[in-house]
Amino acid sequence: MKDNKFVLGVVGLGEGRSIISAILNSEYYTLGNICDLNEELCKLRCEEFHLERYTTSYEELLRDEAIDIIGIYTPDQFHAAHIRQALLAGKHVICTKPVLLGLTEAKELLECQQKSGKKVFIGQSTRFFESVLQQRKSYEAGVLGELVTLETHYKSDSRWFLDRPWSKKAGFSWMYNFMIHAVDLAVWYLPDIEEVFGYGVVSSNTKEFGLNVEDTLTFLVKDKSGIYATVEGAYATPCLNKEIEFPIECTIRGTKGISRGGYNQLVMYQKSLKDSLPEDKKCYALDAEPEEFFEDKTYRYDDKHPYYFRFEGETHHAGEYQNYIDYFAKALLAGETPLPDLKEGIHTIAIMEAMGRSLHTGAPVKVERILSEYGII
Ligand SMILES: NC(=O)c1ccc[n+]([C@@H]2O[C@H](COP(=O)([O-])OP(=O)(O)OC[C@H]3O[C@@H](n4cnc5c(N)ncnc54)[C@H](O)[C@@H]3O)[C@@H](O)[C@H]2O)c1
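Residues numbered from 1 in each chain as written. Predicted model: local features only at pLDDT ≥ 70, side-chain atom pairs only at ≥ 80, totals over all residues. Heavy atoms only, no water.

### Here's the deal with the overall build of the protein chain
Each helix and strand in the protein chain was counted, giving 13 helices and 14 strands. Over its C-alpha atoms the protein chain spans a radius of gyration of 21 Å, differing by no more than 12% from the 21 Å that the globule rule assigns to 377 residues. Principal-axis analysis of the C-alpha atoms gives the protein chain an extent of 70 × 50 × 40 Å. Here the protein chain holds 377 residues, and the buried ones make up 55% of them. Element-wise, carbon and sulfur atoms account for 50% of the exposed surface of the protein chain, whose accessible area totals about 17,000 Å². (Helix = DSSP H or I, 4+ residues; strand = E, 2+ residues; numbered from the N terminus. Rg over C-alpha atoms; globule rule 2.2 N^0.38 Å. Buried < 20%, exposed > 50% of the residue type's maximum accessible area, 1.4 Å probe, protein only. Areas by Shrake-Rupley, 256 points an atom, 1.4 Å probe, with all protein chains shown as cover.)

### Section: the sheet that holds strand β4 (residues 92–96)
Spatially, the five strands line up as an open sheet ordered β2-β1-β3-β4-β5, and their pairing is parallel. The sheet terminates laterally at β2 (29–35) and β5 (120–123), the two strands that pair on one side only. Averaged over all adjacent pairs, the angle separating strand axes in this sheet is 20°, with direction ignored. Here strand β1 (residues 6–11) runs beside strand β3 (residues 69–72); their pairing, made up of four bridges, is parallel. (Pairing = 2+ DSSP bridges. Axes fitted to C-alpha atoms, helices over the stretch in contact; angles between N-to-C directions.)

### As for the pairing of strand β10 (residues 248–254)
Most of β10 is tucked away, with six of its seven residues classed as buried. Note that strand β6 (residues 147–155) and β10 share seven bridges and pair antiparallel. In the strand pairing of β10, Leu147 is matched with Gly254.

### Considering the site of the ligand
In the vicinity of the ligand, 26 residues are found, and the nearest of them are Glu15, Asp36, Asp76, Ser125 and Trp166. Measuring from an oxygen atom of the ligand, one finds a side-chain N or O atom of Lys97 at 3.0 Å. Take Arg164: an N or O atom from its side chain is 3.1 Å from an oxygen atom of the ligand. Mapped onto the shell around the ligand, the elements with two or more residues apiece are α4 (79–88) and α7 (174–189). Per-class residue counts for the shell around the ligand are ten nonpolar, eleven polar and five charged. Counting contributing residues, the shell around the ligand receives three or more from each of domain 1 (6–125 + 321–340) and domain 2 (127–300 + 351–358). (Near = heavy atom within 4 Å. Polar contact = N/O pair within 3.5 Å; in protein donor to acceptor, adjacent residues only side chain to side chain. Nonpolar A, V, L, I, M, F, W, Y, C, P; charged D, E, K, R; others polar. Domains from an automatic or database assignment.)

### Some words on the nonpolar core
Judged by nonpolar contacts, the single largest core of 80 residues is most densely connected at Tyr58, Ile70, Ile83, Met175, Met179 and Met355. For this core, the element with the highest residue contribution is α7, accounting for 13 residues. If we ignore the near neighbours within four places in the chain, the residues touching Met175 are Ile180, Leu217, Phe219, Met352, Met355, Gly356 and Leu359. Ile19, Phe49, Leu51 and Phe311 belong to the second largest nonpolar core, which has 30 residues in total. (Core = buried A, V, L, I, M, F, W, Y, C linked by side-chain atoms within 4.5 Å. Contact = heavy atoms within 4.5 Å.)

### Examining the domain arrangement of the protein chain
Taken domain by domain, the protein chain holds domain 1 (6–125 + 321–340) and domain 2 (127–300 + 351–358). One C-alpha centre belongs to domain 1, the other to domain 2; they are set 27 Å apart. Taken together, the contact between domain 1 and domain 2 spans 17 residues of the former and 15 residues of the latter. A combined buried area of about 1,400 Å² lies between domain 1 and domain 2, and 56% of that area is made up of carbon and sulfur atoms. It is Gln77, Gln124 and Ser125 in domain 1 that bury the most area against domain 2; as a group they hold 36% of the surface buried on that side. Viewed at the interface, domain 2 and domain 1 are joined by zero salt bridges. Across the contact surface, domain 1 and domain 2 share six residue pairs in polar contact (both at pLDDT 80 or more). Looking at the side of domain 1 that touches domain 2, the element that brings in the most residues is helix α11 (residues 318–334), giving three residues. (Buried area = accessible area lost by both parts, 1.4 Å probe. Salt bridge = Lys/Arg side-chain N within 4 Å of Asp/Glu carboxyl O.)

### Some thoughts on the packing of α4 against helix α5 (residues 106–116)
For the pair α4 and α5, the least separation of the axes is 9 Å and the interaxial angle reads 20°. On the basis of their axis angle, the class for α4 and α5 is roughly parallel. For the pair α4 and α5, the crossing hand works out as left-handed. Contacts between α4 and α5 involve Ala80, Ile83, Arg84, Leu87 and Leu88 from the first element and Glu108, Leu109, Cys112, Gln113 and Ser116 from the second. Considered class by class, the residues forming the contact of α4 with α5 number six nonpolar, two polar and two charged. (Parallel < 35°, antiparallel > 145°, perpendicular 65-115°, else oblique. Left-handed = near helix turned anticlockwise from the far one by under 90°.)

### Notes on the environment of Asp303
Tracing the backbone shows Asp303 in the loop between β13 (294–300) and α10 (305–308). When the C-alpha atoms of Asp303 and Leu266 are compared, they prove to be 9.2 Å apart, with 37 residues separating the residues in sequence.

### Here we look at the side chain of Ser203
With respect to the secondary-structure elements, Ser203 resides in the loop between β7 (193–201) and α8 (204–207). Separated by 2.8 Å, the side chains of Ser203 and Asp215 make a polar contact. Aside from chain neighbours lying at most four places away, what touches Ser203 is Asp215 and Ala236.

### Some remarks on α7
In a regular helix each residue adds 1.5 Å, so 16 residues correspond to 22 Å; α7 covers 22 Å between its end C-alpha atoms and thus fits that length. Along α7, the helix axis deviates most sharply at Ile180, where the bend reaches about 60°. Buried residues dominate α7, accounting for 16 of its 16 residues. (Expected span 1.5 Å × (residues − 1). Bend = angle between axes of the 7 residues up to and from the residue.)

### Re helix α6 (residues 130–140)
If you check which residues of α6 are buried, you get Glu130, Ser131, Val132, Gln134, Gln135, Arg136 and Ser138. Those residues of α6 hidden inside the fold are in contact with α7, β10, β11 (257–262), β12 (267–273) and α10.

### Let's talk about the pattern of salt bridges
Within this structure, the stated rule accounts for 24 salt bridges. Residue Arg127 pairs with Glu344 through a salt bridge whose shortest N-O separation is 2.7 Å. Here Arg127, found in the loop between β5 and α6, pairs with Glu344, found in helix α12 (residues 342–361); they are 217 residues apart in sequence, far enough to count as distant. Overall, the relative accessible area of 4% leaves Arg127 in the buried class. For Glu344, a relative accessible area of 18% corresponds to the buried category. One salt bridge in this structure joins Arg159 and Asp157, with 2.8 Å as the shortest N-O distance. Judged by its relative accessible area of 25%, Arg159 falls in the partly exposed class. By relative accessible area, which is 30% here, Asp157 ends up partly exposed. Connected through salt bridges with shared partners, the residues Arg17, Arg45, Glu48 and Glu312 form a single ionic network.

Next comes the structure, spelled out in structure tokens:
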């Protein structure tokens, strides 16, 4: 720590740009150093954020004893190795999603983390977006009653992403790179998902890029109590205007209300039975549904747009990173484990592995079977 602040070093300066902004705006952190193999990018970030130093060597970043925490924003395929290296160097870790692209290294990585005594937090950023946070708060306050079902999706025409050279390398998939946001929202509400089933299509739009990965997908995921969620993704076809359908949405259908948290426009819609309603009126309200017994409201958070989207366009969303790094710091100070941690992140990857197998077998797949195959439970 330096001046009572955690010292955070960042590797991977594309998306890493958001965490640099978050660090510089946080009362809990000071920036240790930044690192990227691409020296031009290092210089660009130094200029952008008025920084004086950088390194092109991850090993050098890890050798810096002043650094307490490493923020990892390198391509998906490198996360496992970069987390392991950081833990062995005695650092806490914040790693962007997806934590892993498969479970081969999961057990060893968990053991490495447990041995190190350090925390690993997975930056599932969508959980930290304003409308999604507010939706969660209202759900936890009981405004929506008991959860009946959940619908989540991430749909965006993201063919632009295939210009990145690493999207063509083994391991890239729309599921792991994009759809994980929608999967994570389902996991957040249904932590005990035991079975999944789904269909997917490789459209000719994806094949044009020389890739053979499903770009349009629908899954059903079911938890141990029988509650299920639908999780959908579409990445290589035109999308509806966000006035009609947000790119990321989470709809909660509860016994007392319904709510939809949307992304990009910072809107949450909620309709719920008023808790204050006297018992005798409750039946009436349910039967007749008179408007006055319901709150039917769209909450807008437009004033927060500059906080969440600090750069040009809306592809970076630094406000979420601000929320999650500050949450991480508060958890460390309180001696608590920030979630999702490595264990939860790996469980989500097991759910995704089950989803992938269901796509190719056409049958429902049990998550526990996958976890035990890899010796994780
Ligand atoms: N919402 C989110 O949470 C969100 C959004 C976008 C991207 N991401 C994740 O962020 C990560 C990076 O994505 P991106 O879009 O910035 O990709 P990118 O290709 O633009 O950037 C990755 C950077 O990592 C650098 N790098 C690779 N190996 C390195 C090494 N060994 N040492 C130092 N630097 C190294 C590359 O030079 C590159 O600049 C991915 O895992 C992606 O899934 C998360």
